[in-house]
Amino acid sequence: MTTDAGSTTPLRILIADDNQTDRMILNAILTRQGHEVIMAEDGAQAVDTFERQQPQMVLLDVLMPNMDGLEAARRIKAAAGEDLVPIIFLTSLSDAESLASCLEVGGDDFLSKPYNRVILRAKISAFQRMRDLHQSLQQERDRTDQRNRQMMREQALARRVFDNIADRGCLGADNIRFEASPMSIFNGDVLFASPKPSGGMHLFVGDFTGHGLPAAIGALPMSEIFYGMTAKGFAVSDILREMNRKLRNILPTGFFCCAAMVDLNLRSGHAEVWNGGLPTAWILRHDGSQDELRSRHLPLGILSAERFSAACERHSLALGEHMLLATDGVIESSSVDGTMFGEERAVAAINQRSGPQGGFECLREAVHRFGEGVVSEDDITILDVAMVPESALSTVEHEVLPDTGAGPEQWRLQYDLEDRTLAQFNPIPLLLHVCMDVPGLRLCSGDVYTIIAELFTNALEHGVLRLPSGLKDSPSGFSRYYSERERLLGQLDRGWVSIGLAHQPHDDGAGGTLLVTVADSGPGFDPGETASSLDHERLSGRGIALVQTLCHDVRWNHTGNCVEAEYIWRAG
Amino acid sequence: MSEHQHIDHDALAELRDVMEDEFVILVNTFLQDADDRLEQLRAGAASEDAEEVRKMAHSFKGSCINIGAPELADRCRTAEQRGRDGDLSDIDACISAIEAELGAVRQALAHFRNQ
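As a convention, each chain's residues are numbered from 1 in the sequence order in which they are written. All chains are assigned letters beginning with A, and all ligands numbers beginning with 1, in the order in which they are written. Totals for whole chains, interfaces and linings use every residue, but because this is a predicted model, local features are given only for residues with pLDDT of at least 70 and side-chain atom pairs only at 80 or more, for both listing and counting.

This paragraph deals with the overall build of chain B. The numbering of helices and of strands both runs from the N terminus, where a helix is a DSSP run of H or I of at least 4 residues and a strand a run of E of at least 2. A count of helices and strands for chain B gives six helices and zero strands. In sequence order, chain B lays out its α and β elements as α-α-α-α-α-α. Residue burial is a threshold on neighbouring C-beta atoms within 10 Å of the residue's own C-beta, all placed from the backbone, with 20 or more meaning buried, 12 or fewer meaning exposed, and counts in between meaning partly exposed. When the 115 residues of chain B are sorted by exposure, 41% land in the buried category. Considering only residue pairs separated by 6 or more positions, chain B has 61% of its internal contacts joining residues 24 or more positions apart. Once C-beta atoms have been placed from the backbone, residue pairs whose C-beta atoms lie within 7 Å are recorded as contacts.

Below, the structure is given as structure tokens:
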């Protein structure tokens with residue numbers, strides 16, 4: 001037997017014809033062209049054979065017993081699904097209507113009798129090209145589908161990883177409300193809130209340029225820096241500087257993070273606000289007015305460490321007053337006809353509020369109403385935080401990092417800061433870190449932070465800088481106090497503060513005593529006067545009064561420039 | 001009628017080329033098949049089943065075209081048309097004409113096969 005296979009790839013071809021001589025001729029032609037031939041004698045057999053042997057092409061007689069060719073073609077096309085299985089009708093039919101019905105049931109072509117091998121071969125190669133094209137399109141589509149599914153899986157996974165790394169901090173606190181879509185991290189928005197060891201909280205709203213992976217990658221270190229440094233007692237400015245440094249290192253040029261950070265001090269009723277590139281935020285006052293918190297800085301990740309400024313604005317908030325922050329997804333969200341929401345509409349929306357607490361709902365509803373019917377491209381993140389008495393937040397769980405239980409229990413250290421270093425360096429996170437290594441003491445980090453921070457601040461501000469505490473009696477004096485402090489720190493070139501820490505475990509192993517000694521180069525003051533401020537509900541001296549309530553004993557030397565506080569803690 | 005009109009020599013030469021060793025089997029199969037179909041045509045005519053006559057004649061016609069027997073195919077086409085029209089009044093004459101032509105084709109094929 002000779003073959004004239006030519007250039008076509010061999011196919012498995014089903015021939016369905018009730019006429020034996022016709023089958024023999026087709027079989028001979030196709031076999032010699034190199035194809036594998038399977039045969040059926042009627043329509044029912046053709047469908048059955050097709051399903052069992054999956055031929056790649058079908059030659060079908062129209063008139064056959066046991067189901068005609070039209071019905072067989074319909075079933076074969078249905079069974080083939082999305083695979084392209086060409087059906088060529090074998091016919092001596094010539095009227096247009098009969099030919100049309102062959103095409104209607106899914107027939108792809110006709111072969112008329114007498115069969116001609118050249119024509120048949122040409123038809124088969126044409127269909128083979130079509131099949132190949134169809135197949136590569138299908139494969140391409142399947143690959144794209146698979147890639148999409150994989151991307152969605154990876155995003156979900158990344159989201160889970162992110163959630164594990166960045167716990168939600170105190171976003172669930174009673175004084176916080178926020179709007180953020182669950183996948184917003186992949187649209188570049190981040191929202192963090194964490195209680196500070198000294199009380200109060202840090203809040204962070206960020207909006208990375210770009211979407212997807214670069215934004216998500218930047219969010220991870222942001223979260224780590226924010227939660228880690230806040231828990232360790234770092235100030236807003238330290239945290240911002242570190243975030244800026246980190247982002248500048250990891251993000252490619254042109255990528256940055258518009259952000260606002262707030263240090264909410266519940267005890268003094270103040271908020272320190274830093275806004276770098278976010279839309280104007282607002283403080284909503286009781287009298288219905290609002291203060292604007294405009295962006296004063298470039299976004300994070302642009303400026304070098306030397307040129308970066310972490311200077312914050314200080315605002316006082318009365319109890320029940322709110323602060324409202326949003327990413328530019330709010331301002332830039334568009335309506336169905338493409339109009340942008342804009343700052344004017346945002347202000348108009350919050351002006352509909354009936355009290356400081358109503359601004360959030362007003363803004364949220366206005367943005368959603370405005371963008372109805374639009375699939376939003378940028379994500380909308382809105383954060384609302386209220387000034388509340390510290391006692392109202394007792395339910396907020398401090399993040400307690402796992403205790404290795406292997407740290408030192410009995411130790412003492414002396415840490416002296418002198419001259420310019422005293423003006424430039426904040427030793428509190430470092431000292432707190434040392435204390436937190438004591439097994440079990442982590443649970444009291446708030447107390448330890450407050451004691452060390454207040455005693456150090458007193459030594460620096462009242463001792464070395466000789467700032468009169470009476471200045472802080474009025475709200476206007478409060479800000480004068482802080483500007484005076486900045487001025488004096490800038491000039492400081494001589495002076496020292498010496499901090500001593502000593503820890504002694506209790507005999508029963510449940511807790512211990514931390515002795516904090518702070519001395520300074522200042523002339524001292526009358527300790528009696530300071531101690532009496534516990535009796536007043538005055539702003540000044542609150543810190544020392546608090547130290548006195550936390551500690552078993554607080555003693556000054558007779559000149560008032562050395563204080564010793566004894567803190568007794570018990571585990572569990 | 002001359003032998004040349006009963007069978008298409010070019011078509012048959014092409015078929016012999018395609019079928020090679022199986023050409024003889026093909027011809028024998030065709031002739032055997034033709035006898036059966038003639039039988040079925042008669043049965044359809046006897047029971048006055050026009051649809052059966054149409055189908056049988058159509059199928060018979062198809063194999064005649066393929067084997068290269070144009071005159072026989074033409075006579076089948078006439079019978080098929082009668083079946084389609086539902087007019088079996090002269091169907092016996094049509095079948096007799098097919099039978100006569102089949103005899104001639106058989107002889108011509110035997111001659112061709114032995115060449």
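What follows concerns the packing of helix α2 (residues 43–53) of chain A against helix α3 (residues 69–80) of chain A. All names here are of chain A. For helices, the fitted line uses only the C-alpha atoms of the stretch in contact; every axis is such a line through C-alpha atoms, and the angle between N-to-C directions lies from 0 to 180 degrees. Across the interface, α2 lies against α3 with an axial gap of 9 Å and an inter-helix angle of 15°. One finds that α2 runs roughly parallel with respect to α3. In this structure, α2 crosses over α3, and the sense of that crossing is right-handed. Across from Gly 43, Ala 46, Val 47, Phe 50 and Glu 51 in α2, the residues of α3 making contact are Gly 69, Glu 71, Ala 72, Arg 75, Ile 76 and Ala 79. Looking at the contact of α2 with α3 residue by residue, the classes come out as six nonpolar, two polar and three charged. Throughout this description, any angle smaller than 35 degrees is read as roughly parallel, any larger than 145 degrees as roughly antiparallel, any in the 65 to 115 degree range as roughly perpendicular, and the remainder as oblique. Should the near helix be turned anticlockwise from the far one by less than a right angle, the crossing is termed left-handed; should it be turned clockwise, right-handed. Classification convention: Asp, Glu, Lys, Arg as charged; Ala, Val, Leu, Ile, Met, Phe, Trp, Tyr, Cys, Pro as nonpolar; all other residues, Gly among them, as polar.

The interface of chain B with chain A comprises 20 residues on the first partner and 16 residues on the second. Mapped by element, the contributors of at least two residues to the side of chain B that touches chain A are α2 (9–19), α3 (23–46) and α4 (50–67) of chain B. The biggest single contributor to the side of chain B that touches chain A is α4(B), with nine residues.

All names here are of chain A. Inspection of the sheet shows strand β1 (residues 12–16) paired to strand β2 (residues 36–40) by five bridges, in the parallel sense. Across the sheet, Ala 16 pairs through a bridge with Ala 40, a residue of β2. A crossover links β1 with its parallel partner β2, the connecting element being helix α1 (residues 20–32), and its sense is right-handed. Strand pairing is assigned whenever DSSP identifies at least 2 bridges connecting the two strands. By definition, the crossover connecting two strands over a helix is right-handed if that path, from the first strand to the second, turns clockwise as seen with the strands pointing away from the viewer.

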